[in-house]
There are 2 protein chains.
Amino acid sequence: MTARREPISRERPAKPALSRRWIVDTAVRVMRSEGLGKVTMRRLAQELDTGPSSLYVYVANTAELHAAVLDSLLGEVDLTGRDGGGDWREQLRAVMTSYTQVLFEHPQLARAALVARPSGENYLRLVERILDLLSQSGAGREQVAWGVDKLLQDATATAAEQSTREHDPASGDDWNATVRALHAVDAGTHPAITAHMPALIDGSVPDRIRWSFDVLVNGITHTPVPGAGD
Amino acid sequence: MTARREPISRERPAKPALSRRWIVDTAVRVMRSEGLGKVTMRRLAQELDTGPSSLYVYVANTAELHAAVLDSLLGEVDLTGRDGGGDWREQLRAVMTSYTQVLFEHPQLARAALVARPSGENYLRLVERILDLLSQSGAGREQVAWGVDKLLQDATATAAEQSTREHDPASGDDWNATVRALHAVDAGTHPAITAHMPALIDGSVPDRIRWSFDVLVNGITHTPVPGAGD
DNA sequence: ACCTGAACACCGTTCAAGT
DNA sequence: ACCTGAACACCGTTCAAGT
């Protein structure tokens, strides 16, 4: 709506005006095609045909940019929970599964999420939905409020961990190093590890995710918060 | 006139031979004095009076180096749990609190831990101890094994998140952005957020950590794993 | 107000060559 | 076997200067 000066058309085909939205959209595109590692100020500036310093008018720093990219991706989360039944618990499970899936597709973002929490509209919509479903459990208000945090944190941390693991299994990555270390342990000095050994390493990712969800929901709904006498 | 080359002792005293141990110890020292951000291959090489490429004989990459630093720090965790009573639960709480405290003192390491899981002796000792205490709950072997993972993940993720929050509160950091966004939410479109609003943001860090521990322990001990018919 | 070039102060990793 | 110099291909952020 602003009366801008008439843009004189040059050879270069309409370089769009810089804006936060345009920067974030470009960042999402670069992320999808080349990964979050390429979403750098310099690379984006190049993509937007300007210098890196120009971006700082719209974006505080790289972490904030990554948080904005994450929020944008959060638009893909299915909030309906229609894969679940009518049960609030199964609906909540479906929403959390969808959230987890989005992060698993872009695992580097999960790491970013733990560092710079998003605060955009899609994040708020997600929190709203989880709160709504979890409060149907009948648990106290404080438990529900704190519980949402735990559910999101657990899913995010799991995706962040998996992000390393999914690298090619050929490379001596750190997860395999941990598995090897647990196997190589001495039964005399580490009897508990030895006793729990297959289980410590076993279990499919979906099984573990499903169990984690149940652990948290069971724990959240049965554990009153410190202050409130609910 | 052949100049006899004799190692005249100059100011520089006895450059010690490179070794993995020496590299990691130096990394820990740099981390303590200047933060993990300065623990880079180049900086370490400088500190060790060599070129960065030399380090690659002993360390695969930067992530592995950071994992080694973390394992070294894990030596500070109090495994006795003597702050707790005779109860396995209070002892376990004390161990987890000690672990959390160590990570809170070096929060950047918590982020590293989520990415590159450690596998050194101190990590194994910690896992052994938590397994031992948690199995005293009488829960099934699978629950205990998977539960240890959850307890460590929760504490680590919490420390990692806090690491951002603890930066100077003056700066418009992302946590404050989230708080602001939650406050600014419209009651019509986000009724659940509005209804849960003070609790969503409230609560001291120790209270939340204490509650998280109880949620997990309660959930772990009461939720059987998918396959096993315990 | 918005945008920029140029600079400052760094990075990880590889590789051919030396000892 | 171990170690290195040099190079390749990048980074984030600031700031004085321009429009």
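The residue numbering used here restarts from 1 in each chain and proceeds along that chain's sequence as written. Chain labels run from A onward and ligand labels from 1 onward, assigned in the order the entries are written. It should be noted that, the model being predicted, local features are given only for residues of pLDDT at least 70 and side-chain atom pairs only at 80 or more, the latter also being counted only at that level, while totals for whole chains, interfaces and linings use all residues. Values shown for side chains rest on all heavy atoms present in the structure; no hydrogens or waters enter the calculation.

- In the annotation of an unreviewed UniProt entry, the entry for chain A reads AcrR family transcriptional regulator, and the organism field reads Streptomyces demainii.

Things to note about empty space enclosed by the protein
No. 1: A cavity here means a set of points on a 1 Å grid, drawn over the protein atoms and nothing else, where a 1.4 Å probe fits but cannot get out; a pocket is an open set with protein on both sides within 12 Å along at least five of seven lines, and a residue lines either one if it has an atom within 4 Å of a point. Grid points are joined across faces, edges and corners, and a volume is the space filled by probe spheres set on the points. What the rule picks out here adds up to 6 cavities of 30 Å³ or more.
No. 2: In this model, the second largest cavity occupies a volume close to 140 Å³.
No. 3: In terms of lining residues, the second largest cavity is bounded by 13 residues, among which A:Glu161, B:Tyr99, B:Arg117, B:Leu152 and B:Thr156 are the most central.
No. 4: A run of H or I in DSSP becomes a helix once it reaches four residues, and a run of E becomes a strand once it reaches two; helices and strands are each numbered from the N terminus. Elements supplying a minimum of two residues to the lining of the second largest cavity: helix H6 (107-115) and helix H8 (141-165) of chain B.
No. 5: For the lining of the second largest cavity, the element with the most residues is H8(B), which contributes 4 residues.
No. 6: Residue polarity follows a fixed list, in which Ala, Val, Leu, Ile, Met, Phe, Trp, Tyr, Cys and Pro are nonpolar, Asp, Glu, Lys and Arg are charged, and the others, Gly among them, are polar. In terms of residue class, the lining of the second largest cavity is made up of 8 nonpolar, 2 polar and 3 charged.

Quick word on the UniProt feature "DNA-binding region" (unreviewed entry) in chain A
No. 1: UniProt positions are given in the numbering used here, feature names are shortened, and annotations may be inferred rather than shown by experiment. UniProt annotation of "DNA-binding region" (unreviewed entry) refers to residues 40-59 of chain A when read in the numbering used here.
No. 2: Helix makes up 55% of residues 40-59 of chain A and strand makes up 0%, while its end C-alpha atoms are separated by 12 Å.

Describing the protein's contact with DNA strand D
No. 1: Near residues are defined by distance, with any heavy atom within 4 Å of the molecule or strand qualifying the residue. Around DNA strand D, the surrounding shell holds 15 residues, and the nearest of these are A:Arg42, B:Thr50, B:Ser53, B:Ser54 and B:Tyr58.
No. 2: Close to the protein, within 4 Å, the atoms of DNA strand D belong to sugar or phosphate groups at a rate of 47%.
No. 3: Contact distances for DNA strand D include 3.1 Å between a phosphate oxygen and a side-chain N or O atom of A:Thr40.
No. 4: Take B:Ser54: an N or O atom from its side chain is 2.8 Å from a phosphate oxygen of DNA strand D.
No. 5: Examining the composition of the surface near DNA strand D, we find that 3 residues originate from one element, helix H2 (residues 41-47) of chain A, more than from any other.
No. 6: For the surface near DNA strand D, the residue count by class is 4 nonpolar, 7 polar and 4 charged. In protein, a polar contact requires one atom able to donate a hydrogen and another able to accept it; more generally it is a pair of N or O atoms within 3.5 Å, and residues adjacent in sequence count only if both atoms are side-chain atoms.

Description of the layout of surface pockets
No. 1: Its boundaries defined by the atoms lining it, the second largest pocket holds a volume of some 610 Å³.
No. 2: Looking at the lining of the second largest pocket, the elements that each hand over two or more residues are helix H5 (88-105), helix H8 (141-165), helix H11 (197-201) and helix H12 (205-222) of chain A together with H8 of chain B.
No. 3: Top element by residues in the lining of the second largest pocket is H12(A). It accounts for 10 residues.
No. 4: For the lining of the second largest pocket, the per-class residue count stands at 14 nonpolar, 9 polar and 11 charged.

Focus on the protein's contact with DNA strand C
No. 1: In the vicinity of DNA strand C there are 15 residues, among which A:Thr50, A:Ser53, A:Ser54, A:Tyr58 and B:Arg42 approach most closely.
No. 2: Looking at DNA strand C alone, sugar and phosphate atoms form 47% of those within 4 Å of the protein.
No. 3: Here B:Met41 contributes a backbone N or O atom positioned 3.2 Å from a phosphate oxygen of DNA strand C.
No. 4: B:Arg42 places a polar side-chain atom, nitrogen or oxygen, 2.5 Å from a base oxygen of DNA strand C.
No. 5: Those elements giving two or more residues to the surface near DNA strand C turn out to be helix H3 (52-55) of chain A together with helix H2 (41-47) and helix H3 (52-55) of chain B.
No. 6: Among the elements that line the surface near DNA strand C, the one with the most residues is H2(B), at 3 residues.
No. 7: Residue classes in the surface near DNA strand C are distributed as 4 nonpolar, 7 polar and 4 charged.

Considering the side chain of A:Arg117
No. 1: For A:Arg117, the location among the structural elements is in the loop between helix H6 (107-115) and helix H7 (121-135).
No. 2: A polar contact is formed between the side chain of A:Arg117 and the side chain of A:Tyr123, at a distance of 3.5 Å.
No. 3: Side-chain polar atoms of A:Arg117 contact the side chain of B:Glu161, separated by 3.1 Å.

Observations regarding the packing of aromatic side chains
No. 1: Here a Phe, Tyr or Trp ring, Trp counted by its six-membered ring, pairs with any other such ring whose centre lies within 6.5 Å, and the pair is stacked when the planes are under 30 degrees apart, edge-to-face when over 60, and tilted otherwise. Applying the stated criterion to the full structure yields 2 aromatic pairs over all chains.
No. 2: On the numbers, 5.7 Å between centres and 80° between planes, the contact of A:Trp146 with B:Trp211 is edge-to-face. Placement of the pair is A:Trp146 in helix H8 and B:Trp211 in helix H12 (residues 205-222), with the two residues belonging to separate chains.
No. 3: Accessibility here uses a 1.4 Å probe with only protein chains present; expressed as a share of the type maximum, an area under 20% marks a residue as buried, one over 50% as exposed, and anything in between as partly exposed. Taking the relative accessible area as the measure of exposure, A:Trp146 reaches 7% and is therefore buried.

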